[in-house]
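The chain contents come next:
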Amino acid sequence: MALQRQFNFFDKVELKDPEDPSKSPEIFKSIESNVATSGRGHMVVADRSGLVHIIDKALQVESFLAYDSGRVTHMKQLRQRNILVTVGEEENAVQVIKFWDLDKPDRNKPGPTLERSIRVTQQGNAFPVSALAVLENLSQVAVGLANGTVVLIYGDLMRERTTAQKVVHQNDEPITGLGFKEQQKGALLYIATTAKVLLYNTSTKQTQTLDDQGGGLGCAVMNESTQELAIARDEAIFFYGPDGRGPAYGLDGAKTFITFYKSYLVLVSPPNIPLTATRTFGVQAASVSANDTTRLTIVDTANKFTAYQATFSQGIRSVICEWGSIYIVENGGKVYRLDEMDTSVKLDILFKKNMYLLAINLAHNQKYDNASISDIIKKYGDHLYNKGDYDGAMGQYVRTIGRLEPSYVIRKFLDAQRIYNLTSYLQELHSSGLANADHTTLLLNCYTKLKDVKRLDEFIKTDSDLTFDLETAIQVCRQAGYHEHAVYLAEKFEEHDLYLTVQIDDVKQYDRALAYMRRLGPIEADKNLQKYGKVLLTHLPEQTTQLLVDLCSGSLARVGSSSPTPGTASPVPTHTAGTHHAAFSMLPFAMGGPTGTASPPISSSASPNLGHQATFSPKLHGGVHRDGSKYAPPSPRTFMSLFVDLPAYLITFLEKVSANRWPTTPSTNQSTVGTNLKSPTPNTHLNKPGSINSSKKTAVGNDVNDKGSISGASRFGVSNEQDMEERKAIWNTLLELYLADPPMASSSGKGQTMHVAELNRKSRDRIIKKEKCMKLLNDTEIPYDTNHALVLCHMAGFDEGIVFLYERMKMYTDILRLWIGRDDTAKVMECLRKYGPQEPSLYPLTLSYFSSSPSRLTSATPDLLKVLDHIDQQDLLPPLQVVQALSQTSVATIGMIKNYIGHRIEAERKERIEDQKQIQSYRQESEKKRREIDDLKTSARIFQVTKCSACGGSLDLPSVHFLCRHSYHQRCLSDSADRECPKCMVEQRTVADIRRMQEANAEKHDLFISELEDADDGFEVIAKYFGNNTMAFAKLIDGST
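On a predicted model such as this, the values are computed, not experimentally measured, just so you know. (Residues numbered from 1 in each chain as written. Predicted model: local features only at pLDDT ≥ 70, side-chain atom pairs only at ≥ 80, totals over all residues. Heavy atoms only, no water.)

Caption draft 1: Representation of the overall build of the protein chain. Counting its secondary structure elements, the protein chain contains 31 helices and 32 strands. Taking all 1041 residues of the protein chain together, 46% fall into the buried category. Surface summary for the protein chain: the accessible area is close to 54000 Å², and the carbon and sulfur share equals 49%. (Helix = DSSP H or I, 4+ residues; strand = E, 2+ residues; numbered from the N terminus. Buried < 20%, exposed > 50% of the residue type's maximum accessible area, 1.4 Å probe, protein only. Areas by Shrake-Rupley, 256 points an atom, 1.4 Å probe, with all protein chains shown as cover.)

Next up, the structure:
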């Protein structure tokens, strides 16, 4: 590649001596440098006398003698360690390599410490060293000789006492350059001769030829940054890597020396070499004549241009790169410093010459940030735009996406003639994911203006990463009548709400919308059914009801199609081109025209299959369920309002949901539907005590909660209150629906026959619903609200349900009042037989009913007498209460209850006589006890017992006698029984314990009140406490005794 572009990007400054600014530095005049190197903040030059001079930035010099009897031929300053490697001649032209530690001064003489000396082994005559290469870790040193031999010295060169030397290459061509390329295992050694370029692998010991042309002495150097070998020949500069020759840069003319400074290649050409025809930009190039001695050229290898070129009349002795500059030492002792210009100055020069591509590359190489590089690209785009190269300008503007405000570019290309360029820019903007809603709208408008349906399809279909504002794109497609495109986008990117909006509101394809909801899974279906359920129920009631059933039953994820078959045909607009122009007339570049009318809606298909439209199976996204995993079903109450005008479908919905979510099994006491309706409580057994036909008393079997039955709770387990409330609400609603009368359809125009048929149908429906209602009420597994159900049955006049619920709630009086209100004597008697033993208050109410009117008393006299007989036998009511019940009206006469009154008077007389006898017996016993106590207190007692009551032996002294007439040997009594008779002690202690218990119970008022409340006869409890003498120990509530 020929370097035809030439600039002057370096400033040339002549250095002066720090002590005498009018002169050149004295150090370079006094030293005739033979070789030079640099690094780690200093320059190192050596002369022919063997001295080495270390020069710092202030041009202060420190010198030391490296070789006593010879000159220094090569030097290398290491980068990682402050070690200086020198090669020089000793006596008899022996080549010696020395390692100097510049950080450690020598204690015996001026200069640094010599760490190691190694003699280069040569066979036969000694030849001078022509090239040197040193690894930074000092594990290998390569020495090239003028006779074509390369000697490799390896080992730990700074620590090991002995090192190994090996000839790795030997040929007739002199060695002109060496260089190491480090690897993980071993290293590669580049070998340049006058005829070839070779590569030696120090690990595998193999040599390969990279090029059959070599280079001159001083014209081969390693690029430390890229680890490549550069060789300068007369025609060009060549670069070599492990794979062979790489890029080349054409630069005619002989070269005597090359080196690297940063990414620049510095070349020195011999005198009187003609220049090739080049162009010079920027600062004017120095004039070149036949008297010029030496030329210096600096080449930017990264950007492929000449960065600087100048001539030096006195010739160039050394080129040293250090302290961020290039130092040129002339043969006469003058020193020049070349300082690189700032990048901003370079860019200004390139901008003035409209060389923007080169400026962009330069900015990249200088590690400019993206914002700065984008600014340069923007200038380049503006330049091309002003030239009229709109395609090229757009290519540059596209590169600024993300940095340059899109509106800057869009404004330039709003002209209708440049709509193609604008379209390409907007496409790239969307591909980068930086487009907003306005950009999407504009791009779709562009497609429409161009009538490019193909590109519109590509934009919509091939963009799998969603690089545009989806909602805006769908909205624009809807406005333009591209409904199928809108559906495609919404389905592809799972915008479920937009998809359903288009299908339901725009194209009226309710079956597709319903099928799509089913595939979405429960969460999305729940949300969308709440929004669109009313519309779908209006048009597809059966399918929508089934979907709601599946959703609320917890089985939706297992019902829907998991992977619908996608269609093959792409969406095609169903409107004319004129409609497009009218829909998109808001474009800034629009031609104008009348506003067209919207396209007619697409007819809905009866099949849920999507037909020709391409479909996508919704992915597992967000809350969408695509597998059969369980989920928490939504509340059916959420959807009840959707069935306002569809009670029949609401019944179906609630029945199926209840059966699926809470399946029940018939219980042992559950009734059957029809005429065999049974009570949830056990049937009353007439032969058991308590019945009217029996002489004994009984109680009803089951105890039902009078606040509302939730009989299914024990079987299902109340997992949480919310679930229980859900079930109650469903069954309460079903009860209300069952008890509601179906609406009467109009029969006008069809005659009386149609009216009769409607009445028959309504009657059948009512019978079926009431059968369902009773089945529901009788099912102990269903947790309906009993109070609510009772209100509904009253409103509907459903006597069977009312009786059942009253019985469940133990409201037996209300059952009796119901049948009394219905004036059904048979039902009243049946009710009395069933519930009278549990509720004695039913008997006065029944007696009042019988005596409420003469006609009723006449027809119910046998029943009245039977009831009175039962009351008498079971002693259920006092006679006074019976008389009061019958005397509320003047219908009943005293003659009707004469026998009953007579029996009750005789029974009470006999009972009074028995009580008087028992009272007399208690009085006599009490009197006897009092006399005995008085006798013990006032009279002496004579003991004539001759035997011990304990052992039965003859009683002798000492003996103990008790007032209870028991006597004992003193030895037969224990120590604790000296005051109590052992035989009477148990009875006495029992009495004492009873007394203590009575005293304790006297303070337990709660116990007394509890017994009083639970007892059927409270007076009996009070009498028991008085009889036990408990009241004698009780304290009054006010604290008095």
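Read on, since the account is not over.
Caption draft 2: Focus on the packing of helix 17 (residues 647–661) against helix 19 (residues 721–739). Packing of helix 17 against helix 19 leaves a shortest axis separation of 10 Å and a crossing angle of 145 degrees. The element helix 17 and its partner helix 19 pack so that their crossing is left-handed. Together, Pro647, Leu650, Ile651, Leu654, Glu655, Val657, Ser658 and Arg661 of helix 17 and Asp723, Ile730, Trp731, Thr733, Leu734, Leu737 and Tyr738 of helix 19 make up the contact between the two elements. Residue composition of the contact of helix 17 with helix 19, grouped by class: 10 nonpolar, 2 polar and 3 charged. (Axes fitted to C-alpha atoms, helices over the stretch in contact; angles between N-to-C directions. Left-handed = near helix turned anticlockwise from the far one by under 90°. Contact = heavy atoms within 4.5 Å. Nonpolar A, V, L, I, M, F, W, Y, C, P; charged D, E, K, R; others polar.)

Caption draft 3: Quick look at the sheet that holds strand 19 (residues 220–223). Ordered in space as 19-20-21-22, the 4 strands form an open sheet in which the pairing is antiparallel. Every interior strand has two partners, whereas the edge strands, strand 19 and strand 22 (244–250), have only one. Ignoring strand direction, the axes of neighbouring strands in this sheet form an average angle of 25 degrees. Two elements, strand 19 and strand 20 (residues 228–232), share 4 bridges in a ladder whose sense is antiparallel. (Pairing = 2+ DSSP bridges.)

Caption draft 4: How the structure looks around the packing of aromatic side chains. Scanning the entire structure with this criterion turns up 23 aromatic pairs. Here phenylalanine 7 and phenylalanine 305 contribute two aromatic rings whose centre-to-centre distance is 5.3 Å and whose plane-to-plane angle is 85 degrees, an arrangement assigned as edge-to-face. Taken together, the residues phenylalanine 7 in the loop between strand 1 (5–6) and strand 2 (10–14) and phenylalanine 305 in strand 27 (residues 305–312) connect sequence positions 298 residues apart. Accessibility classification places phenylalanine 7 together with phenylalanine 305 in one group, the buried group. With a centroid separation of 6.4 Å and 80 degrees between ring planes, the pair formed by tyrosine 397 and tyrosine 408 is classed as edge-to-face. (Phe/Tyr/Trp six-rings, centres within 6.5 Å; stacked < 30°, edge-to-face > 60°.)

Caption draft 5: Seen up close, the environment of glycine 332. Within the element layout of this structure, glycine 332 appears in the loop between strand 29 (325–330) and strand 30 (335–340). Sequence separation between glycine 332 and glutamine 314 is 18 residues; the distance between their C-alpha atoms is 6.2 Å. Those residues within four positions of glycine 332 in sequence are excluded, and the remaining contacts are Lys29, Gln314 and Arg317.

Caption draft 6: The arrangement of helix 14 (residues 522–539) in detail. Here helix 14 contains 18 residues, and its C-alpha end-to-end distance of 22 Å is more than 12% below the 26 Å for a straight helix at 1.5 Å per residue. What helix 14 keeps buried is the set Pro522, Glu524, Ala525, Asp526, Asn528, Leu529, Tyr532, Gly533, Leu536 and Leu537. Along its buried surface, helix 14 packs onto helix 12 (496–506), helix 13 (510–520) and helix 15 (541–553). (Expected span 1.5 Å × (residues − 1).)

Caption draft 7: Broad picture of the side chain of threonine 733. Mapping threonine 733 onto the fold places it in helix 19. Setting aside residues up to four positions removed in sequence, threonine 733 forms contacts with Met640 and Leu654.

Caption draft 8: Region of the structure containing the packing of helix 8 (residues 437–450) against helix 10 (residues 470–480). Contact geometry for helix 8 and helix 10: axes closest at 8 Å, N-to-C directions at 35 degrees. The two elements helix 8 and helix 10 meet at a crossing, and its hand is right-handed. Note on element contacts: helix 10 touches helix 8 through Thr472, Ala473 and Val476, opposite Ala437, Thr440, Thr441, Leu444 and Asn445. Residues that form the contact of helix 8 with helix 10 fall into these classes: 4 nonpolar, 4 polar and no charged.

Caption draft 9: Inspection of unusual backbone geometry at higher detail. With omega at -10 degrees, the peptide bond leading from leucine 957 into proline 958 counts as cis. Along the chain, the position of proline 958 falls in the loop between helix 28 (898–938) and strand 31 (959–961). One non-glycine residue, tryptophan 323, lies in the positive phi region at around 60 degrees. Here tryptophan 323 is to be found in the loop between strand 28 (316–322) and strand 29.

Caption draft 10: The sheet that holds strand 30, seen in detail. Spatially, 2-30-29-28 is the arrangement adopted by the 4 strands of the open sheet, whose pairing is antiparallel. A strand with exactly one partner marks an edge of an open sheet, and here the two such strands are strand 2 and strand 28. Taken over all neighbouring pairs, the strand axes of this sheet differ in orientation by 20 degrees on average, direction set aside. Relative to strand 30, strand 29 is paired through 4 bridges, and the arrangement is antiparallel. In the strand pairing of strand 30, valine 329 is matched with valine 335.

Caption draft 11: Spotlight on the pairing of strand 24 (residues 264–269). Taking burial as the measure, the 6 residues of strand 24 include 6 buried ones, the bulk of the element. Across the two faces of strand 24 the burial is the same, with Tyr264, Val266 and Val268 and Leu265, Leu267 and Ser269 all buried. Linking two consecutive strands that pair antiparallel, namely strand 23 (residues 257–261) and strand 24, is a turn of 2 residues; a positive phi of about 55 degrees is found at lysine 262 within it. Sheet topology note: the strand 24/strand 26 (residues 294–300) ladder contains 6 bridges and is antiparallel. Across the sheet, the residue bridging to serine 269 is arginine 295, located in strand 26.

Caption draft 12: Structural view of the UniProt feature "coiled-coil region" (unreviewed entry) in the protein chain. Listed under "coiled-coil region" (unreviewed entry) in the UniProt record, and renumbered for this structure, are residues 905–939. This span, residues 905–939, is 97% helix and 0% strand, and a straight line between its end C-alpha atoms measures 51 Å. (UniProt positions renumbered as here; feature names shortened; annotations may be inferred.)

Caption draft 13: Representation of the side chain of lysine 255 within the structure. One can find lysine 255 in the loop between strand 22 and strand 23. For the buried lysine 255, no salt bridge is present, and the opposite-charge side chain at shortest range is aspartate 234, 5.7 Å distant. Here leucine 251 takes part through its backbone oxygen, which lies 2.3 Å from a polar atom of the side chain of lysine 255. Within polar-contact distance, the side chain of lysine 255 engages the backbone oxygen of glycine 253 at 2.7 Å. (Lys, Arg positive; Asp, Glu negative; His and termini not counted. Salt bridge = Lys/Arg side-chain N within 4 Å of Asp/Glu carboxyl O. Polar contact = N/O pair within 3.5 Å; in protein donor to acceptor, adjacent residues only side chain to side chain.)

Caption draft 14: Quick look at the state of the cysteines. This structure, assessed with the given rule, holds 0 disulfides. In this structure cysteine 948 is not part of a disulfide, and its nearest cysteine sulfur, from cysteine 951, lies 3.7 Å away. For cysteine 948, a relative accessible area of 4% translates into the label buried. (Disulfide = S-S within 2.5 Å.)

Caption draft 15: Expanded view of the confidence of the model for the protein chain. When pLDDT is averaged along the protein chain, the result is 77, and 81% of the positions lie at 70 or above. In this model residues 1036–1041 is a low-confidence stretch, pLDDT under 50, and it forms 1 contact with partners more than four residues away in sequence or in other chains. (pLDDT = per-residue confidence, 0-100.)

Caption draft 16: Structural context of the pattern of salt bridges. If you walk through the whole model with that rule in mind, you get 28 salt bridges. Salt bridges sharing partners connect three or more residues here, namely Asp211, Arg233 and Arg245.

Caption draft 17: Structural detail: the pairing of strand 26. Of all 7 residues in strand 26, 7 are buried, a share of seventy percent or more. Where burial is concerned, the two faces of strand 26 agree: the one with Thr294, Leu296, Ile298 and Asp300 and the one with Arg295, Thr297 and Val299 are both buried. Note: strand 26 against strand 27, 7 bridges, orientation antiparallel. From the neighbouring strand, leucine 296 faces strand 27, where its bridge partner is alanine 310. Hairpin connection between strand 26 and strand 27: a loop of 4 residues separates the two successive antiparallel strands, and lysine 304 in this loop has a positive phi of roughly 65 degrees.

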